[in-house]
Structures are given as C-alpha cells and as structure tokens.
Amino acid sequence: MLSHKSFRPAALALALGLAGLAPTAQALNIVLTDVGATKMSAEQLGAFQTAANYWSGKLTDNVTVYVNIAFSD
C-alpha cells in the first residue's frame, strides 16, 4: 500500500507531464486580402480561409501575417 508521501511525487510528475500535452493558445493571425481583378466567390474565399485557419491552428508564433490572394480560372 502506498503512503500519501510516496504518492505525491508521482502525482506531481503526472500533472507536469500532462501540462506539456495541453493545447497552446492560438497566436498566429492570418489576414487575407482579395487583390484579384474579379472578386472571388464565397466558396473560393472560403477555401482560402480554411487553409488560413489550418495554419493558424498549427503555428503558434505571436504574429500577424498579411496575405494577398487571388483566384483565376
């Protein structure tokens, strides 16, 4: 049977290990600007936004990235 004193270091080690697995706060902000000769449809703009959201979730640098986007057939 484990005593409370021997259990505490194991619990602390487990808590610290799990803290390393906690998700980090999203810090990357991607600003998309449509610079095409014709404006994109909602579906086209949505595809770019989906990609921006993906990378915002993967990268955690505290920066803002400005991206000029356009779509052509």
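Report on the accompanying structure. Fair warning: this is a prediction, and the values are worked out from it, not measured in the lab.

**Concerning the overall build of the protein chain**
Okay, so step 1: Of the regular secondary structure elements, the protein chain holds two helices and two strands.
Okay, so step 2: In the protein chain, the succession of helices and strands from N to C terminus is α-β-α-β.
Okay, so step 3: Classification of the 73 residues of the protein chain by burial places 11% in the buried group.
Okay, so step 4: Total accessible area on the protein chain stands at roughly 6,100 Å², and carbon and sulfur atoms take up 62% of it.

**What about the packing of aromatic side chains?**
Okay, so step 1: Considering all chains together, one arrives at one aromatic pair under this definition.
Okay, so step 2: Measuring from centroid to centroid gives 5.0 Å for tyrosine 54 and tryptophan 55, while their planes differ by 85°, and the two rings are edge-to-face.
Okay, so step 3: Under the relative-accessibility criterion, tryptophan 55 is labelled partly exposed at 45%.

**Quick word on the pairing of strand β1 (residues 29-34)**
Okay, so step 1: The pairing of β1 with strand β2 (residues 64-69) spans six bridges and is parallel. Residue pairing across strands places asparagine 29 opposite threonine 64, the latter belonging to β2.
Okay, so step 2: Where the polypeptide runs from β1 across helix α2 (residues 42-58) and back to β2, its parallel neighbour, the crossover connection is left-handed.

**Observations concerning the side chain of aspartate 34**
Okay, so step 1: Among the secondary structure elements, aspartate 34 is positioned in strand β1.
Okay, so step 2: In this structure aspartate 34 is buried but unpaired, with lysine 39 as the nearest side chain of opposite charge at 4.6 Å.
Okay, so step 3: Within the structure, aspartate 34 has its side chain in polar contact with the backbone nitrogen of glycine 36 (distance 3.1 Å).
Okay, so step 4: A distance of 2.9 Å separates a polar side-chain atom of aspartate 34 from the backbone nitrogen of methionine 40.
Okay, so step 5: Residues in contact with aspartate 34, not counting those within four places in the same chain, are Lys39, Met40, Ile69 and Ala70.

**With respect to the environment of leucine 28**
Okay, so step 1: Topologically, leucine 28 is positioned in the loop between α1 (4-19) and β1.
Okay, so step 2: Of the residues examined, leucine 28 reaches a relative accessible area of 8% and is grouped as buried.
Okay, so step 3: As a C-alpha pair, leucine 28 and valine 65 span 37 residues in sequence and 7.6 Å in three-dimensional space.
Okay, so step 4: Once residues within four sequence positions are removed from consideration, leucine 28 is found in contact with Trp55, Ser56, Leu59, Asp61, Val63 and Val65.

Basis of the calculations
- Residues numbered from 1 in each chain as written.
- Predicted model: local features only at pLDDT ≥ 70, side-chain atom pairs only at ≥ 80, totals over all residues.
- Heavy atoms only, no water.
- Helix = DSSP H or I, 4+ residues; strand = E, 2+ residues; numbered from the N terminus.
- Buried < 20%, exposed > 50% of the residue type's maximum accessible area, 1.4 Å probe, protein only.
- Areas by Shrake-Rupley, 256 points an atom, 1.4 Å probe, with all protein chains shown as cover.
- Phe/Tyr/Trp six-rings, centres within 6.5 Å; stacked < 30°, edge-to-face > 60°.
- Pairing = 2+ DSSP bridges.
- Right-handed = clockwise from strand over helix to strand, strands pointing away.
- Lys, Arg positive; Asp, Glu negative; His and termini not counted.
- Salt bridge = Lys/Arg side-chain N within 4 Å of Asp/Glu carboxyl O.
- Polar contact = N/O pair within 3.5 Å; in protein donor to acceptor, adjacent residues only side chain to side chain.
- Contact = heavy atoms within 4.5 Å.

Note that every value here comes from positions in space, so none of it alone points to a role or purpose.
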